[in-house]
4 protein chains.
Amino acid sequence: MARITAATREKVRKQLLETAAEHFAERGLAGAQVDGIAVAAGFAKGTVYNYFASKEALFAEVITEGCRAAVQRYAASRHEGSVRECLRALAAADVAVMSEQESFMKVVVREAMSFDPRTYPLIVEHLGPYLEQVQQILTRGVAAGDVRDDRPVSQLTLAFVGVLALLYVQHWGSGGAWPALDEVPDLAVTLFLDGAAARGRPRSMGKKTP
Amino acid sequence: MARITAATREKVRKQLLETAAEHFAERGLAGAQVDGIAVAAGFAKGTVYNYFASKEALFAEVITEGCRAAVQRYAASRHEGSVRECLRALAAADVAVMSEQESFMKVVVREAMSFDPRTYPLIVEHLGPYLEQVQQILTRGVAAGDVRDDRPVSQLTLAFVGVLALLYVQHWGSGGAWPALDEVPDLAVTLFLDGAAARGRPRSMGKKTP
Amino acid sequence: MARITAATREKVRKQLLETAAEHFAERGLAGAQVDGIAVAAGFAKGTVYNYFASKEALFAEVITEGCRAAVQRYAASRHEGSVRECLRALAAADVAVMSEQESFMKVVVREAMSFDPRTYPLIVEHLGPYLEQVQQILTRGVAAGDVRDDRPVSQLTLAFVGVLALLYVQHWGSGGAWPALDEVPDLAVTLFLDGAAARGRPRSMGKKTP
Amino acid sequence: MARITAATREKVRKQLLETAAEHFAERGLAGAQVDGIAVAAGFAKGTVYNYFASKEALFAEVITEGCRAAVQRYAASRHEGSVRECLRALAAADVAVMSEQESFMKVVVREAMSFDPRTYPLIVEHLGPYLEQVQQILTRGVAAGDVRDDRPVSQLTLAFVGVLALLYVQHWGSGGAWPALDEVPDLAVTLFLDGAAARGRPRSMGKKTP
DNA sequence: CATGAATGAGAATTCATTCAT
DNA sequence: AATGAATGAATTCTCATTCAT
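Peer 1: Quick question: what am I supposed to make of the overall build of chain A here?
Peer 2: The secondary structure content of chain A amounts to 9 helices and 0 strands. Element order for chain A, N to C, with α for helix and β for strand: α-α-α-α-α-α-α-α-α. The principal-axis extents of the C-alpha atoms in chain A amount to approximately 80 × 30 × 30 Å. When the 210 residues of chain A are sorted by exposure, 50% land in the buried category. A separation of at least 24 residues holds for 66% of the contacts in chain A among residues at least 6 apart in sequence. Accessible surface computed for chain A: about 9,700 Å², of which carbon and sulfur atoms make up 54%. Here chain A contributes 24 positive and 24 negative side-chain charges, whose respective centroids are spaced 3 Å apart.

Peer 1: What exactly am I supposed to notice about the pattern of salt bridges here?
Peer 2: Pairs can form between side chains of opposite charge whenever their charged atoms are close. Residues and elements named next belong to chain D. Across all of its chains, the model carries 32 salt bridges over all chains by this definition. Residues Arg13 and Glu61 are paired through a salt bridge, measuring 3.2 Å at the closest nitrogen-oxygen approach. Taken together, the residues span a long stretch of sequence, with Arg13 in helix H1 (residues 6-31) and Glu61 in helix H4 (residues 55-76) at a distance of 48 residues. For Glu61, a relative accessible area of 28% puts it in the partly exposed group. The shortest N-O distance in the salt bridge between Arg13 and Glu65 comes to 3.7 Å. Of this pair, Arg13 sits in helix H1 while Glu65 sits in helix H4, and the two are 52 residues apart along the sequence.

Peer 1: When you look at the relation of the copies chain A and chain B in this model, what are you seeing that I'm missing?
Peer 2: Aligned on chain B, chain A shows an RMSD of 0.3 Å; the corresponding rotation is 180° and the shift along the axis is 0.1 Å. The superposition of one copy onto the other is thereby described by a two-fold rotation axis. Scanning chain A for the C-alpha nearest the rotation axis identifies A:Gly195, at a separation of 2.0 Å. Mapped onto chain B, 100% of the interface residues of chain A again fall at the interface, so both copies present the same surface.

Peer 1: Would you mind showing me how to read the interface of chain C and chain D here?
Peer 2: By a frequent convention, interface size equals the accessible area lost on bringing the separate parts together. Taken together, the 50 residues of chain C in the interface contact 50 residues of chain D. Across the interface of chain C and chain D, roughly 4,800 Å² is buried in total on both sides, 57% from carbon and sulfur atoms. Where chain C touches chain D, the interface holds 0 salt bridges. Elements supplying a minimum of two residues to the side of chain C that touches chain D: helix H1 (6-31), helix H5 (83-100), helix H7 (120-144), helix H8 (153-173) and helix H9 (184-193) of chain C. Grouping the amino acids of the side of chain C that touches chain D by side-chain chemistry returns 22 nonpolar, 14 polar and 14 charged.

Peer 1: Explanation requested: the domain arrangement of chain A in the structure shown.
Peer 2: Residues and elements named next belong to chain A. You can read the domains of chain A as domain 1 (1-52) and domain 2 (56-194). Taken together, the contact between domain 1 and domain 2 spans 16 residues of the former and 13 residues of the latter. Around 1,400 Å² of area is buried between domain 1 and domain 2 when both sides are counted, 70% of it from carbon and sulfur atoms. For the interface between domain 1 and domain 2, the tally reads 4 residue pairs in polar contact (both at pLDDT 80 or more). Of the residues forming the side of domain 1 that touches domain 2, the biggest block, 13 residues, is contributed by helix H1 (residues 6-31).

Peer 1: Got a minute to help me understand the relation of the copies chain C and chain D in this structure?
Peer 2: Copy one and copy two of the chain differ by a rotation about a common axis and a shift along it. With an RMSD of 0.3 Å, the fit of chain C onto chain D corresponds to turning through 180° and sliding 0.0 Å along the axis. An overlap of 98% is found between the interface residues of chain C and their copies at the interface of chain D, pointing to a shared contact surface.

Peer 1: It is not clear to me how H5(C) should be interpreted in this structure. Could you clarify?
Peer 2: Between its first and last C-alpha, H5(C) extends 26 Å over 18 residues, near the 26 Å set by a 1.5 Å rise per residue. The element H5(C) is largely enclosed, with a buried count of 13 among its 18 residues.

Peer 1: It is not clear to me how unusual backbone geometry should be interpreted in this structure. Could you clarify?
Peer 2: Peptide bonds are mostly trans, and most non-glycine residues show a negative phi. Following B:Trp178, the chain continues to B:Pro179 via a peptide bond in cis, the omega torsion being -5°. Checked against the element boundaries, B:Pro179 lands in the loop between helix H8 (153-173) and helix H9 (184-193).

Peer 1: Sorry, what's going on with the interface of chain A and chain B here?
Peer 2: Taken together, the 50 residues of chain A in the interface contact 50 residues of chain B. Taking both sides of the interface into account, the surface hidden between chain A and chain B amounts to around 4,900 Å²; carbon and sulfur atoms contribute 57%. Run the count over chain A and chain B and you get 0 salt bridges. Scanning the region where chain A abuts chain B turns up 16 residue pairs in polar contact (both at pLDDT 80 or more). Counting only elements with at least two residues in the side of chain A that touches chain B, the list comes to H1, helix H5 (83-100), helix H7 (120-144), helix H8 (153-173) and helix H9 (184-193) of chain A. Residues belonging to the side of chain A that touches chain B are distributed by class as follows: 22 nonpolar, 14 polar and 14 charged.

Peer 1: Sorry, what's going on with the environment of D:Ala89 here?
Peer 2: Among the structural elements, D:Ala89 can be located in helix H5 (residues 83-100). Through-space distance from the C-alpha of D:Ala89 to that of D:Ser77 is 6.2 Å; in sequence the pair is 12 residues apart.

Peer 1: I'm lost on the confidence of the model for chain A in this one. Help?
Peer 2: The predicted coordinates of low-pLDDT regions are not to be read in fine detail. Confidence in the prediction for chain A averages 87 pLDDT; 93% of positions are at 70 or higher. In this model, residues 201-210 of chain A is a region of pLDDT below 50 whose contacts with residues beyond four sequence positions or in other chains number 15 contacts.

Peer 1: Help me understand the arrangement of the chains, please; the structure alone is not making it clear to me.
Peer 2: Nothing in chain B touches chain C; the tightest C-alpha to C-alpha distance between them is still 10 Å. One finds no contact linking chain B with chain D; the least C-alpha distance across the pair is 33 Å.

Peer 1: How should I be thinking about the packing of H8(B) against H9(B) in this particular structure?
Peer 2: Two quantities define a packed helix pair, namely the angle between the helix axes and the distance between the axes. All names here are of chain B. Relative to each other, H8 and H9 sit at 140°, their axes nearing to 10 Å. As the angle between them shows, H8 and H9 are arranged oblique. In this structure, H8 crosses over H9, and the sense of that crossing is right-handed. Facing H8, whose interface residues are Leu156, Ala159, Phe160, Val163, Leu164, Leu167 and Tyr168, H9 presents Val184, Leu187, Ala188, Leu191 and Phe192. Residue composition of the contact of H8 with H9, by class: 12 nonpolar, no polar and no charged.

Peer 1: Explain the packing of aromatic side chains here, please?
Peer 2: The description of an aromatic ring pair uses the distance of the two centres, along with the angle that the planes make with each other. Under the defined criterion, the tally for this structure stands at 18 aromatic pairs over all chains. Ring geometry for B:Phe24 versus B:Phe59: centroids 4.8 Å apart, planes at 80°, classification edge-to-face. With B:Phe24 in helix H1 (residues 6-31) and B:Phe59 in helix H4 (residues 55-76), the pair connects residues that are 35 residues apart, well separated along the chain. Aromatic rings pair up to connect A:Phe115, A:Tyr120, B:Tyr168 and B:Trp172 into one cluster. Positioned above the aromatic ring of A:Tyr51 is the side chain of A:Arg9, whose terminal nitrogen or guanidinium carbon lies 4.3 Å from the ring centre.

Peer 1: Whenever I open this one, the environment of C:Trp172 confuses me. Can you help?
Peer 2: Mapping C:Trp172 onto the fold places it in helix H8. Taking C-alpha positions, C:Trp172 is 11 Å from C:Arg110, a pair spaced 62 residues apart along the chain. Sequence-distant contacts of C:Trp172, that is, excluding residues within four places in its chain, are made with C:Met98, C:Glu102, C:Met105, C:Lys106, C:Val109 and D:Phe115. A polar side-chain atom of C:Trp172 sits 2.9 Å from a polar atom in the side chain of C:Glu102.

Peer 1: Is there a simple way to think about the environment of C:Gln101 in this case?
Peer 2: All names here are of chain C. As for its placement among the helices and strands, Gln101 is situated in the loop between H5 and helix H6 (102-112). Owing to a relative accessible area of 11%, Gln101 belongs among the buried residues under this scheme. Excluding residues within four positions of it along the chain, Gln101 makes contact with Glu65, Gly66, Ala69 and Ala70.

Criteria and thresholds
Residues numbered from 1 in each chain as written. Chains lettered and ligands numbered in written order. Predicted model: local features only at pLDDT ≥ 70, side-chain atom pairs only at ≥ 80, totals over all residues. Heavy atoms only, no water. Helix = DSSP H or I, 4+ residues; strand = E, 2+ residues; numbered from the N terminus. Buried < 20%, exposed > 50% of the residue type's maximum accessible area, 1.4 Å probe, protein only. Contact = heavy atoms within 4.5 Å. Areas by Shrake-Rupley, 256 points an atom, 1.4 Å probe, with all protein chains shown as cover. Lys, Arg positive; Asp, Glu negative; His and termini not counted. Charge placed at Lys NZ, Arg CZ, Asp CG, Glu CD. Salt bridge = Lys/Arg side-chain N within 4 Å of Asp/Glu carboxyl O. Least-squares fit on C-alpha atoms with pLDDT ≥ 70 in both. Buried area = accessible area lost by both parts, 1.4 Å probe. Nonpolar A, V, L, I, M, F, W, Y, C, P; charged D, E, K, R; others polar. Domains from an automatic or database assignment. Polar contact = N/O pair within 3.5 Å; in protein donor to acceptor, adjacent residues only side chain to side chain. Expected span 1.5 Å × (residues − 1). pLDDT = per-residue confidence, 0-100. Axes fitted to C-alpha atoms, helices over the stretch in contact; angles between N-to-C directions. Parallel < 35°, antiparallel > 145°, perpendicular 65-115°, else oblique. Left-handed = near helix turned anticlockwise from the far one by under 90°. Phe/Tyr/Trp six-rings, centres within 6.5 Å; stacked < 30°, edge-to-face > 60°. Lys NZ or Arg CZ within 6 Å of the ring centre and 35° of its normal.

Below, the structure written as structure tokens:
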């Protein structure tokens, strides 16, 4: 079975990565099994090792690959309009990536919480470009007076990304019940920008006045 | 012979649980090793099995134990005053628990993201009382007109808990740089209730008007 | 099965080493199997790893252990009398070691011919003390006029050790037929000192004269 | 299609054998890898199987091939003159073979020490003609009174061949330092015929008498 | 013929669990 | 109760061999 085209080889690689992502998302690095991934992908164990040096190398490539597509999407999302519009567009791009590569995102989100020194740097590295875009948007928002200026933009950036991740987690945790993926962009923006306090009221620190 | 007192037994048990929490927090259920936990706790492998039926049972007890203290704290936090005050008090109680049992919380947060059918139910079960308290506070807030009523309270509840977890994750991920633990209660409440939009302005959907 | 005495532990270790030596002697490092060694020694696979870090570590210890006993024997052999007597005594000591730990010696001899950079240095290191003794004897022999002085002593040393190894190899290769182990000391000394030329005759380069 | 000439086929075959010899010499049968051999020879793994039925068959052919050239050389070496001259000529022929096919010889010598029932017979078979020639020479020597007659000729034969092998091993083991290949024929003959005792002296068993 | 992807039997190694001491 | 040696099922990884291209 030699002499396959580069395209075929790439297809097998994708297939393995895809399946690996599902397994890592479900069970983590330590919990997933190479054999299980291989069989689920329709190959024999050995084939995995023809494409990836080790289980850990495969894991690293899942992270890398999962981030690559995401970053591309983000770069393509529109940068114009109000802060609200821009954030919504970015969130929408993010959700679009999610729909296509849910497993990859799950792995990323899951590992982002493990702080494992072997995987955390990978994630930070690949998340960088995304964070930068958010930060640019928010910086413009502060300048325009649309975003509160009593917090460093870097912190607001982390908050927005975090809110997004949070909604995904709740989506997964509820078995998709709430929030649905298409609600996520609006929810993220509202939650982030407006908060939960009642609209049109002063955000009072104390009792309601009569 | 060699009958140890109940107090001694309890001390050993605590020690094992504490160490186990650290290891599970660091590496997850599958990644942690019984031997590693035992040795780090200052005992031999076999001793773990004198106190816990299996690695998974130990894990379950870590979760249970980690939640028990938390729930007690929550119950003790004050229920009076404005929504803002109540949420802040609850968050403060939560942070106090965190300071005392960081590892247990890490395990809970980490596993909450894994949705493993063996551990997820445990977490949901133990988180229940906490969620209920948040929900009561928010329900009162809606009634009082302090909390927006265009979203189900259950969703807002999840959002608040999520924001709190989010801040912890960022605390851990930044190596404690930001946010510091004592900032967390205020941050959580502000982020949740007020959002990031500039204060005193209409939360307009469109362009700024001249 | 804990709390065994140090003596028991040492006994198990010896048993494993002994069996490992047999397997390595028979099949080499690459050809031997940990499982085979363990079972032949009467233990389960895992037990080997309780005593040795890896197959290669086990191999290295076989070499080390095999040389240790040999060196002790050599040190105890007598140093007095003629060169011939001394060499014979040393060879006899060597043969005695052989009888007791044939497998260890086989491994050493076998690996000495493989020049593997991972094992060769081990052998050279452990053979060192032996070579030194031979060299001392031969140096005295040269001084006494009993050993030819037209060759560096270091070369003669290697030659003697080599002749001994050679006889072992032929012993093994012939299935013990020739030479028998108890012939080896005399054979080695005669072959080394006297050579195969007829005694009492000139070592003529040409035809016999009438 | 793609029918290659017999000459090309033979060239590829030689190339594979040569490379295989190097690998087997370095790592033994079990330690060498088909893929490593193929790639080192400039071919793909599969090609090896177009020329040899299996790794073991390849090994057998290396032995066979290594011996074939040697035997041819021996047959061509001169049979006349004194025992000393004849042995020297034979040793010189052997060294000539060594220079040309060092790896093949290494494999033969290395495997000769392993007594593996799968390879040992091969070696004995191919060494046979060589041993026979040595034996003829020594038999003539005994008859002529040049070789000691107190040992069976068969044993002396093994001793001579062994001494030669021994010198090779020391040549390889010293990284070529000593002995150099061109010293080997003389060394082998001297060591074998004359031994290490001082010349012109009685090979006394005891102390020198005044 | 040459290739090298796919295969899967097999070997090394890990580790949760048991249990004699 | 504490221990840690023994165990062997489970897992990772290797590599000889096959065979479609």
